[in-house]
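The primary structure of each chain is shown beneath.
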There are 4 protein chains.
Amino acid sequence: MHNAKPLPSYLVQRYQGWKATTHAENSAWYRRLATEGQRPRAMVISCCDSRVHVTSIFGADQGEFFIHRNIANLVPPCEPDGNKHGTSAALEYAVTALKVSHLIVLGHSLCGGVQGCVDMCSGNAPELEEKTSFVGRWMDVLRPGYDRVKERNLAPEEEPRALEKEAILVSLSNLMTFPFVKSAVESGELTLHGLWTDIGEGDLEFYNAKTDDFEPV
Amino acid sequence: MHNAKPLPSYLVQRYQGWKATTHAENSAWYRRLATEGQRPRAMVISCCDSRVHVTSIFGADQGEFFIHRNIANLVPPCEPDGNKHGTSAALEYAVTALKVSHLIVLGHSLCGGVQGCVDMCSGNAPELEEKTSFVGRWMDVLRPGYDRVKERNLAPEEEPRALEKEAILVSLSNLMTFPFVKSAVESGELTLHGLWTDIGEGDLEFYNAKTDDFEPV
Amino acid sequence: MHNAKPLPSYLVQRYQGWKATTHAENSAWYRRLATEGQRPRAMVISCCDSRVHVTSIFGADQGEFFIHRNIANLVPPCEPDGNKHGTSAALEYAVTALKVSHLIVLGHSLCGGVQGCVDMCSGNAPELEEKTSFVGRWMDVLRPGYDRVKERNLAPEEEPRALEKEAILVSLSNLMTFPFVKSAVESGELTLHGLWTDIGEGDLEFYNAKTDDFEPV
Amino acid sequence: MHNAKPLPSYLVQRYQGWKATTHAENSAWYRRLATEGQRPRAMVISCCDSRVHVTSIFGADQGEFFIHRNIANLVPPCEPDGNKHGTSAALEYAVTALKVSHLIVLGHSLCGGVQGCVDMCSGNAPELEEKTSFVGRWMDVLRPGYDRVKERNLAPEEEPRALEKEAILVSLSNLMTFPFVKSAVESGELTLHGLWTDIGEGDLEFYNAKTDDFEPV
């Protein structure tokens with residue numbers, strides 16, 4: 001026996017509405033996805049933030065994107081140490097089993113995780129430095145990015161946004177530390193993409209490797 | 001300079017369509033979400049599988065659900081050892097910072113991660129037993145669940161579905177090993193929910209603690 | 001041409017779900033309500049507050065309650081001066097045209113309008129005293145109630161809740177200033193009821209005329 | 001001592017059912033709504049008619065919509081004359097204090113208030129012309145709409161439905177006479193929406209500003 005409650009009834013009602021409409025209209029495709037298995041074109045790594053819906057932004061339906069969501073859309077470096085690495089497992093499955101063609105890292109404005117990293121690295125959130133802070137230890141992935149942002153001597157209020165974009169670059173770099181990613185990129189089977197979206201304005205920027213900067217798509 | 005390409009143009013086109021329509025119609029709300037911050041009612045832990053869209057099933061818009069997605073919607077046990085734990089970090093942020101009211105674990109049929117666990121535990125996938133297999137080490141979280149399924153002496157073809165549901169129970173149990181989850185559940189600030197959906201048929205079942213079984217919602 | 005936008009698509013989706021399920025299952029009744037007209041048993045006067053759903057609390061379906069909602073569930077005194085009185089119009093229609101059998105005033109905890117009245121009457125919100133403040137002028141209805149609460153010399157933090165309940169009594173008194181309400185009550189065709197609900201705890205209290213106090217139902 | 005009776009026992013029974021089920025399942029969220037306050041995304045102005053449930057149509061739960069209900073879902077013009085204006089007070093609170101992102105005017109078929117307006121304006125209900133008729137004076141808000149419908153030379157039986165839709169447009173126009181609505185619309189913080197629903201058939205139409213007409217959603 002586990003500690004669990006029934007689904008709140010407003011969600012039951014909404015589900016039944018979905019079943020009778022969206023599912024009914026698409027059941028042929030959903031059944032085929034069940035029978036033949038998924039074949040997503042891309043993997044997206046985005047934030048858990050409730051304000052970021054990659055499927056909405058890209059008008060995507062079931063079957064298009066394999067989506068991993070974690071705090072601050074981070075990819076840690078490859079560490080095959082036998083421990084549990086959820087992000088690395090998702091990556092490995094997407095690239096080696098599903099053979100996705102694109103790997104998209106999608107960052108966003110006003111990211112609470114990135115703000116926490118700024119606070120922690122600037123000494124304003126000692127509780128995040130503790131060993132027992134899961135958020136703090138996860139944001140350690142972004143420490144090298146914070147150091148690079150710091151070198152730019154920005155006004156303090158500009159640091160979070162700069163670090164949101166740096167987080168995408170840290171993830172793009174770390175992606176290349178995974179042998180299966182590196183070889184798929186080098187053989188042309190996989191391309192990497194860095195995106196950043198502004199939650200309020202709905203703007204979307206991509207990382208342009210030629211100019212080494214983010215630009216509107 | 002990082003290894004990255006511009007966004008494929010079909011996605012640029014779809015994004016621009018979204019910006020001109022959905023974003024334009026909802027920009028007042030999206031700006032308010034940016035200004036005031038998110039206040040999601042629930043956290044959902046679901047699979048990366050491209051065929052599972054919790055926001056679609058529940059007719060949810062930006063701001064409603066804080067969503068973590070990993071392989072097989074697993075929650076590992078609480079291990080405050082100073083290492084990087086992406087799922088635990090997402091949980092900690094949702095429960096302690098965002099103070100979500102519901103924690104929903106959403107499993108699904110035909111889960112590739114669960115199938116991998118069956119293969120690994122039944123000796124049919126020795127490569128997943130290797131220390132360097134990220135998927136294998138991640139699926140270790142589900143080993144105790146596999147042992148329980150095995151005790152039921154099911155026909156082999158019934159094992160994956162049974163383990164998909166067991167994975168939800170393993171996650172519900174592991175959730176209670178996090179002190180901040182346990183105390184929020186005990187004080188009535190948080191309720192846990194286990195759901196399983198059939199990708200092809202669109203059915204939705206919930207874990208009923210009274211009968212200790214899954215039932216249609 | 002008017003300043004208006006299409007409905008946000010998440011609401012369109014939810015509506016279509018309702019149409020395909022709830023409406024489909026109840027269409028016989030809804031069509032009869034359309035053909036024969038409504039015949040509600042009760043009128044409810046409740047607050048606009050998004051946290052108060054009288055139909056949810058009482059498991060009510062279409063056709064049961066004629067519901068007027070305004071700030072702080074107030075009924076102003078009868079003033080047949082030829083000006084526009086939305087609450088009085090709703091009352092008149094419910095009692096004389098629909099001949100409802102019950103008139104229920106439903107107040108609630110943490111009412112923003114009542115809090116505004118406390119602030120205004122205690123001199124802490126001069127902006128609400130201005131002629132142009134619609135909220136302030138509307139809350140004038142509750143001034144006599146504030147004076148009575150003040151006489152009880154409560155601790156300041158107890159005043160809002162006391163005034164929430166007093167607002168229900170003010171409305172019950174003002175109801176009897178409408179000749180059509182008075183005569184329907186006196187002839188036994190109509191009964192009045194005062195209720196107060198606690199948003200967080202879900203408690204419900206009713207005004208007991210015998211003890212002149214609120215008690216749990 | 002006020003003229004009031006206890007709650008009819010069938011409603012007590014239903015309330016206790018709600019408390020033991022819906023409230024119990026959602027108490028974490030309801031408590032959070034109590035502690036943190038409401039943050040509704042939209043204000044809805046709909047009719048008191050017992051056959052219109054906006055929360056049902058849109059699968060909405062507590063906290064989503066701030067709802068004002070009056071006869072015929074009318075918004076009178078802005079008149080800051082120091083008198084009591086319940087609708088204007090609700091509007092002011094929603095837009096300036098709660099900062100809702102959408103303002104939805106929801107009309108419906110077979111509206112008794114609109115029918116009364118047709119009767120009054122066509123000379124068939126002299127009692128509604130009297131100064132003491134609250135319904136008549138309230139429906140004065142819709143007289144300009146009646147004049148426009150009359151110019152279309154419709155068959156008499158088509159006038160009520162045409163006026164139901166015209167009532168929505170009158171309200172949309174009057175909304176823009178409130179300075180706080182106008183400025184929020186112009187700055188992009190607020191969007192207006194006009195909807196009309198058929199009670200029997202469950203159809204839903206929206207006002208399309210581009211075609212200046214109502215269309216199915």
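No experiment lies behind these values; they were computed from the predicted model shown.

Residue and element names in this part refer to chain A. Summarising burial for strand β5 (residues 204-208): 5 of the 5 residues are buried, a large majority. In β5, alternate side chains face the same way, and those of L204, F206 and N208 on one face and E205 and Y207 on the other are all buried. Where strand β4 (residues 191-197) and β5 come together, 3 bridges link them in antiparallel fashion. Across the sheet, the residue bridging to L195 is F206, located in β5. Connecting β4 to the antiparallel partner β5 that follows it, the hairpin turn spans 6 residues, and G202 within it adopts a positive phi of roughly 75°. In this structure, β5 lies alongside strand β6 (residues 213-216), joined through 4 bridges in antiparallel fashion. Looking across to β6, one finds that E205 is bridged to P216. Here β5 folds back onto β6 in antiparallel fashion, the turn holding 4 residues, of which D212 has a positive phi close to 55°.

Of the transformation superimposing chain D on chain C, the axial component is 0.0 Å and the angular component is 180°, with the fit at an RMSD of 0.1 Å. These values place the two chain copies in the arrangement generated by a two-fold rotation axis. By C-alpha distance to the rotation axis, the residue of chain D lying nearest is R69(D), at 2.4 Å. By residue overlap, the copies meet face to face through one surface: 97% of the interface positions of chain D are interface positions in chain C.

Looking now at the pattern of salt bridges. The full count for this structure, using the stated rule, is 62 salt bridges over all chains. When the shortest N-O distance is used, the salt bridge between D61(B) and R41(D) registers 2.7 Å. Of the two residues, D61(B) sits in the loop between α2 (54-57) and β2 (65-70) while R41(D) sits in the loop between α1 (9-36) and β1 (42-47), which places them in two different chains. The exposure class assigned to D61(B) is buried, which follows from its relative accessible area of 8%. Three or more residues are tied together by salt bridges with common partners; here these are R14(A), E64(B), R14(C) and E64(D).

Per the stated rule, a full pass over the model turns up 28 aromatic pairs over all chains. Between Y15(B) and W18(B), the aromatic rings sit 6.1 Å apart at their centres with planes inclined by 35°, giving tilted as the arrangement. With Y15(B) and W18(B) both in helix α1 (residues 9-36) and 3 residues apart, the pair spans about one turn of that helix. The residues Y15(B) and W18(B) share a single accessibility class, namely buried. Among the aromatic residues, those joined into a ring-pair cluster are Y15(A), W18(A) and Y30(A). Positioned above the aromatic ring of W196(B), the side-chain terminus of K165(B) is 4.5 Å from the ring centre.

Right, let's get into the packing of helix α3 (residues 86-97) of chain A against helix α9 (residues 179-186) of chain A. Residues and elements named next belong to chain A. For the pair α3 and α9, the least separation of the axes is 9 Å and the interaxial angle reads 35°. When the axes of α3 and α9 are compared, the crossing they make is left-handed. Residues S88, L91, E92, V95 and T96 of α3 lie in contact with α9, whose contacting residues are F180, V181 and A184.

With that settled, consider the nonpolar core. One finds L103(A), V181(A) and M139(B) to be the most contacted residues of the largest nonpolar core, which totals 56 residues. When residues in this core are grouped by element, the largest group, 6 residues, is from α3(A). Look past the residues within four positions of M139(B) in its chain and what remains in contact with it is I71(B), A72(B), L74(B), G113(B), V114(B), C117(B) and M120(B).

Okay, empty space enclosed by the protein next. What the rule picks out here adds up to 15 cavities of 30 Å³ or more. Taken as a whole, the largest cavity encloses approximately 350 Å³ of empty space. Mapped onto the lining of the largest cavity, the elements with two or more residues apiece are α1 (9-36) of chain A, α1 of chain B, α1 (9-36) of chain C together with α1 of chain D. Classifying every residue of the lining of the largest cavity by side-chain character gives 8 nonpolar, 4 polar and 10 charged.

What follows covers unusual backbone geometry. Excluding glycine, residues mostly have negative phi values, and the peptide bonds linking residues are mostly trans. In this structure, D212(B) is a non-glycine residue whose phi angle is positive, near 55°. Turning to its location among the elements, D212(B) is positioned in the loop between β5 (204-208) and β6 (213-216).

Here we take up the interface of chain C and chain B. Facing 7 residues of chain C, the contacting portion of chain B comprises 7 residues. Interface area for chain C against chain B, summed over the two sides, is near 580 Å², with a carbon-plus-sulfur share of 45%. Among the residues chain C hides against chain B, the three largest losses belong to Y10(C), Q13(C) and R14(C). Together they make up 55% of the total. At the junction of chain C with chain B, the criterion picks out 1 salt bridge. With a closest N to O distance of 2.9 Å, E64(B) and R14(C) form a salt bridge. The tally of links from chain C across to chain B stands at 3 residue pairs in polar contact (both at pLDDT 80 or more). Residues belonging to the side of chain C that touches chain B are distributed by class as follows: 4 nonpolar, 2 polar and 1 charged.

Looking now at the state of the cysteines. Evaluation of the coordinates by the stated rule reveals 0 disulfides over all chains. There is no disulfide at C78(B), and the cysteine sulfur nearest it, in C48(A), is 17 Å away.

Packed helices, taken two at a time, are described by the angle between their axes plus the distance between the axes. All names here are of chain D. At a minimum axis separation of 9 Å, helix α7 (residues 143-151) and helix α8 (residues 159-175) run at an interaxial angle of 130°. Our classification of the angle between α7 and α8 gives oblique. Remark: the crossing between α7 and α8 carries right-handed chirality. Residues G145, Y146, R148, V149 and K150 of α7 lie in contact with α8, whose contacting residues are E159, A162, L163, E166 and V170. Grouping the amino acids of the contact of α7 with α8 by side-chain chemistry returns 5 nonpolar, 1 polar and 4 charged.

Residue and element names in this part refer to chain A. When the domains of chain A are assigned, the result is domain 1 (1-37) and domain 2 (38-216). Computed from C-alpha coordinates alone, the two centres of domain 1 and domain 2 are separated by 30 Å. At the junction of the two partners, domain 1 supplies 7 residues and domain 2 supplies 5 residues. Both sides of the domain 1 and domain 2 interface together cover about 390 Å² of buried area, and 47% of this is carbon and sulfur. Summed over the three residues of domain 1 that lose the most area to domain 2, namely Y30, L33 and G37, the buried surface amounts to 71% of that side. At the boundary of domain 1 with domain 2, the tally comes to 1 residue pair in polar contact (both at pLDDT 80 or more). Partitioned by chemical class, the residues of the side of domain 1 that touches domain 2 number 4 nonpolar, 2 polar and 1 charged.

Moving on, we come to the UniProt feature "binding site: Zn(2+)" (unreviewed entry) in chain A. Residue and element names in this part refer to chain A. Those residues carrying the UniProt feature "binding site: Zn(2+)" (unreviewed entry) are C47, D49, H108 and C111 in this numbering. The greatest C-alpha distance among the residues just named is 9.0 Å, despite their covering 65 residues of sequence, which places them together in space. Examined against the element boundaries, D49 turns out to sit in the loop between β1 (42-47) and α2 (54-57). A polar side-chain atom of D49 sits 2.8 Å from the main-chain amide nitrogen of R51. In this fold, H108 is placed in strand β3 (residues 102-108). Relative accessible area serves as the criterion here: at 2%, H108 is assigned to the buried category. Look past the residues within four positions of H108 in its chain and what remains in contact with it is C47, D49, V52, N73, E164, W196, T197 and I199.

Calculation notes
- Residues numbered from 1 in each chain as written.
- Chains lettered and ligands numbered in written order.
- Predicted model: local features only at pLDDT ≥ 70, side-chain atom pairs only at ≥ 80, totals over all residues.
- Heavy atoms only, no water.
- Buried < 20%, exposed > 50% of the residue type's maximum accessible area, 1.4 Å probe, protein only.
- Helix = DSSP H or I, 4+ residues; strand = E, 2+ residues; numbered from the N terminus.
- Pairing = 2+ DSSP bridges.
- Least-squares fit on C-alpha atoms with pLDDT ≥ 70 in both.
- Contact = heavy atoms within 4.5 Å.
- Salt bridge = Lys/Arg side-chain N within 4 Å of Asp/Glu carboxyl O.
- Phe/Tyr/Trp six-rings, centres within 6.5 Å; stacked < 30°, edge-to-face > 60°.
- Lys NZ or Arg CZ within 6 Å of the ring centre and 35° of its normal.
- Axes fitted to C-alpha atoms, helices over the stretch in contact; angles between N-to-C directions.
- Left-handed = near helix turned anticlockwise from the far one by under 90°.
- Core = buried A, V, L, I, M, F, W, Y, C linked by side-chain atoms within 4.5 Å.
- 1 Å grid on protein atoms, 1.4 Å probe; cavity = no way out; pocket = protein on both sides within 12 Å on 5 of 7 lines; lining within 4 Å.
- Points joined across faces, edges and corners; volume = space filled by probe spheres on them.
- Nonpolar A, V, L, I, M, F, W, Y, C, P; charged D, E, K, R; others polar.
- Buried area = accessible area lost by both parts, 1.4 Å probe.
- Polar contact = N/O pair within 3.5 Å; in protein donor to acceptor, adjacent residues only side chain to side chain.
- Disulfide = S-S within 2.5 Å.
- Parallel < 35°, antiparallel > 145°, perpendicular 65-115°, else oblique.
- Domains from an automatic or database assignment.
- UniProt positions renumbered as here; feature names shortened; annotations may be inferred.

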